[in-house]
Amino acid sequence: MLGRAKTDPDPLQDYCIADTKSAPSIFMNGMPCINPALVAASMFATSALARPGSTVNQFGFNVTFANTANLPGLNTMGLTMARVDIAPQGFVVPHSHPRASEVTICLKGYICVGFVDTSGHLYTQILRPGDSFVFPRGLIHYLYNPDYRNPALAVAGLNSQNPGAQIASLAMFASTPEIPEEVLKKAFKITGQEVARIRGNLGG
């Protein structure tokens, strides 16, 4: 019998409000809980996604997360939420989430989204307000706002408390320590000068 796909462990109680103030004495897969007698309704709410983030950067996007840091009631629920602001012609660079699938909902403007599967096939779609798109767990994906004048806005839900994010270009060209130049030259069919230029552009 096939088991259901999941990432985070199932919770063992109704809720486990994250204790974000005290330093844990043990390291665990998640956050320690506060005393249930101290739980308040406000711990299950946040306004973190209500405010737009600054898109003034080289890529023109900003991701604001709702996670246990600002929404402690999410602890052990296997969820993370995000607000994605994309400037005109801005884009969320190709990246992957090793521990989560993601569903993105376009709220404003229109967004070109896509992911590449393990056979190298690209699945892409234009999202308009109200449209949704799913990025499978661990696959490289991107979001792009093709509009020259208007920003775009999306919200995303991920099925992990800590989905992780690995940006493909930074992983290859800005790692610490660096991936050997010869590996990058052969993998991307580029010269040593091009490796150095890409590393410089990415701050590597």
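Predicted model only: the values in this text are computed from it and were never measured. (Residues numbered from 1 in each chain as written. Predicted model: local features only at pLDDT ≥ 70, side-chain atom pairs only at ≥ 80, totals over all residues. Heavy atoms only, no water.)

Trainee: Can you help me understand the UniProt feature "binding site: Mn(2+)" (unreviewed entry) in the protein chain in this one?
Mentor: The feature "binding site: Mn(2+)" (unreviewed entry), as annotated in UniProt, sits at H95, H97, E102 and H141 in this numbering. Taking the farthest pair of C-alpha atoms as the criterion, the annotated set spanning 47 residues converges on one region, since that pair is 11.9 Å apart. With respect to the element layout, H95 can be found in strand β3 (residues 91-96). Of the polar contacts made by the side chain of H95, one reaches the backbone oxygen of V93; its length is 2.8 Å. (UniProt positions renumbered as here; feature names shortened; annotations may be inferred. Helix = DSSP H or I, 4+ residues; strand = E, 2+ residues; numbered from the N terminus. Polar contact = N/O pair within 3.5 Å; in protein donor to acceptor, adjacent residues only side chain to side chain.)

Trainee: When you look at the pattern of salt bridges in this model, what are you seeing that I'm missing?
Mentor: Note that side chains of opposite charge can pair when their charged atoms are close. Using the criterion set out here, one finds three salt bridges in the structure. Where D85 meets R83, a salt bridge forms, and the shortest distance between an N and an O atom there is 2.9 Å. Summarising the burial analysis for this pair, D85 and R83 share the class buried. The salt bridge partner of K185 is E182, with a shortest N-O separation of 2.9 Å. Of this pair, K185 and E182 both sit in helix α2 (residues 181-188), three residues apart, which is roughly one turn of that helix. (Salt bridge = Lys/Arg side-chain N within 4 Å of Asp/Glu carboxyl O. Buried < 20%, exposed > 50% of the residue type's maximum accessible area, 1.4 Å probe, protein only.)

Trainee: It is not clear to me how the sheet that holds strand β5 (residues 111-116) should be interpreted in this structure. Could you clarify?
Mentor: The sheet built from five strands is open, its strands ordered β6-β5-β8-β3-β10 with antiparallel pairing. For this open sheet the edge positions go to β6 (122-127) and β10 (166-167), each flanked by a neighbour on one side alone. As paired strands, β5 and strand β8 (residues 141-144) are joined by four bridges and run antiparallel to one another. Following the sheet pairing, G114 is matched in β8 by Y142. (Pairing = 2+ DSSP bridges.)

Trainee: Please explain the domain arrangement of the protein chain as it appears in this structure.
Mentor: In many analyses, interface size is given as the accessible surface area lost on bringing the parts together. Here the protein chain is described as being made up of domain 1 (36-50 + 57-164) and domain 2 (165-203). Distance from the C-alpha centre of domain 1 to the C-alpha centre of domain 2: 26 Å. Between domain 1 and domain 2, the contact holds ten residues from the first and five residues from the second. Roughly 510 Å² of surface becomes buried between domain 1 and domain 2 when both sides are summed, with 59% attributable to carbon and sulfur atoms. On inspection of domain 1 and its partner domain 2, the count reaches zero salt bridges. In the side of domain 1 that touches domain 2, the residues fall into five nonpolar, five polar and no charged. (Domains from an automatic or database assignment. Contact = heavy atoms within 4.5 Å. Buried area = accessible area lost by both parts, 1.4 Å probe. Nonpolar A, V, L, I, M, F, W, Y, C, P; charged D, E, K, R; others polar.)

Trainee: Is there a simple way to think about the nonpolar core in this case?
Mentor: Side chains that are nonpolar tend, in soluble globular proteins, to be buried together. Formed by 15 residues in total, the largest nonpolar core has its most connected members in I86, V92, I111, V113, F133, F135 and L143. Secondary-structure elements contributing two or more residues to this core are β2 (80-86), β5, β7 (132-135) and β9 (152-158). Per-element accounting of this core gives the leading share, three residues, to β5. Those residues in contact with I111, other than ones at most four positions away along the chain, are I86, C106, Q125, I126, L127, L143, Y144, A152, L153 and A154. (Core = buried A, V, L, I, M, F, W, Y, C linked by side-chain atoms within 4.5 Å.)

Trainee: What is the right way to read the side chain of D19 from this model?
Mentor: Relative to the helices and strands, D19 is located in the segment before β1 (61-66). Comment: no salt bridge for buried D19; closest opposite-charge side chain is K21, at 7.5 Å. (Lys, Arg positive; Asp, Glu negative; His and termini not counted.)

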